[in-house]
Structures are given as C-alpha cells and as structure tokens.
Amino acid sequence: MSVLADFSIFPLDKGDSLSAHVARALRVIRDSGLPYEMGPMGTSVEGEWDEVMGVVNNCFQALRKDCDRVYVALKIDYRKGPSGRIESKVRSVQEKL
C-alpha cells in the first residue's frame, strides 16, 4: 500500500514571512524518515496511512505550540501496490513530454 499526501501547513497569525515556521514543519517531515519532496506551495510525503497521517499531525502539533491559527491543506492519493510513487509519478509524465 502507498499513500501520497501533498500538504501545506503554516500559521495565519505570524505576519508575511512564514519560512521559519514552514522550516519547522519540514524538519518534522525530514526527521520522520519518510520519502518527501518539498515544492514551492507544499510538500509531498509517501508512506503507510498511519505514518503519513502521523507526520501531518506532528507538523500541526509543532506549529500550534506558538501559533494561534494554523492553516492546513491536505490532498491524499491512496493506491494498493508498491511504494516509490513519489518519484515514479513525476518520471512517468516527464517521459511522455
């Protein structure tokens, strides 16, 4: 089984520059050991359902400590079968260009 989650998480009460808060969430993702790809508008993470949802929750918990309002946008693609889709989905499209 493979779950791909693409999500954005950031505070709404910390001004215009949010990179320090986004970096805090990204450290949580990195430290999880799951495969991930950061993009300009969100980060994709791949793993089992409970692992991925745990990472999203841990990011939320890290930000809520000092943020009064946290925005989370989450998209999930579940598919039975092998993992590695975080790279293979992109590669499949690039091969067709």
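Look above for the structure.
*Asks:* If you had to explain a nonpolar patch on the surface to someone new, which residues and values would you point to?
*Replies:* Residues W49, F60, V72, L74, I76 and Y78 make up a contiguous nonpolar surface patch of roughly 490 Å² in combined accessible area. Elements supplying a minimum of two residues to the nonpolar patch: α2 (49-64) and β4 (70-79). For the nonpolar patch, the element with the highest residue contribution is β4, accounting for 4 residues. Along the chain, Y78 turns up in strand β4. Take Y78: its relative accessible area is 41%, and that puts it in the partly exposed class.

*Asks:* Quick rundown of the packing of aromatic side chains? Include the residues and the values.
*Replies:* Scanning the entire structure with this criterion turns up 1 aromatic pair. Ring centres of F10 and Y71 lie 5.0 Å apart, and the angle between their planes is 35°; on these two criteria the pair is classed as tilted. One end of the pair, F10, is in strand β1 (residues 2-11); the other, Y71, is in strand β4, with 61 residues separating them in the sequence. A relative accessible area of 38% places Y71 in the partly exposed class.

*Asks:* Give me the lowdown on the environment of D6, citing residues and values where you can.
*Replies:* For D6, the location among the structural elements is in strand β1. Residues D6 and G39, spaced 33 residues apart in sequence, show a C-alpha to C-alpha distance of 9.6 Å. Sequence-distant contacts of D6, that is, excluding residues within four places in its chain, are made with G42, T43, S44, A73, L74 and K75. Looking at D6, its side chain comes within polar contact range of the side chain of S44, at 2.8 Å.

Calculation notes
Residues numbered from 1 in each chain as written. Predicted model: local features only at pLDDT ≥ 70, side-chain atom pairs only at ≥ 80, totals over all residues. Heavy atoms only, no water. Patch = residues over 30% accessible without salt bridge, like charges linked within 9 Å, V, L, I, M, F, W, Y side chains within 5 Å. Areas by Shrake-Rupley, 256 points an atom, 1.4 Å probe, with all protein chains shown as cover. Salt bridge = Lys/Arg side-chain N within 4 Å of Asp/Glu carboxyl O. Helix = DSSP H or I, 4+ residues; strand = E, 2+ residues; numbered from the N terminus. Buried < 20%, exposed > 50% of the residue type's maximum accessible area, 1.4 Å probe, protein only. Phe/Tyr/Trp six-rings, centres within 6.5 Å; stacked < 30°, edge-to-face > 60°. Contact = heavy atoms within 4.5 Å. Polar contact = N/O pair within 3.5 Å; in protein donor to acceptor, adjacent residues only side chain to side chain.

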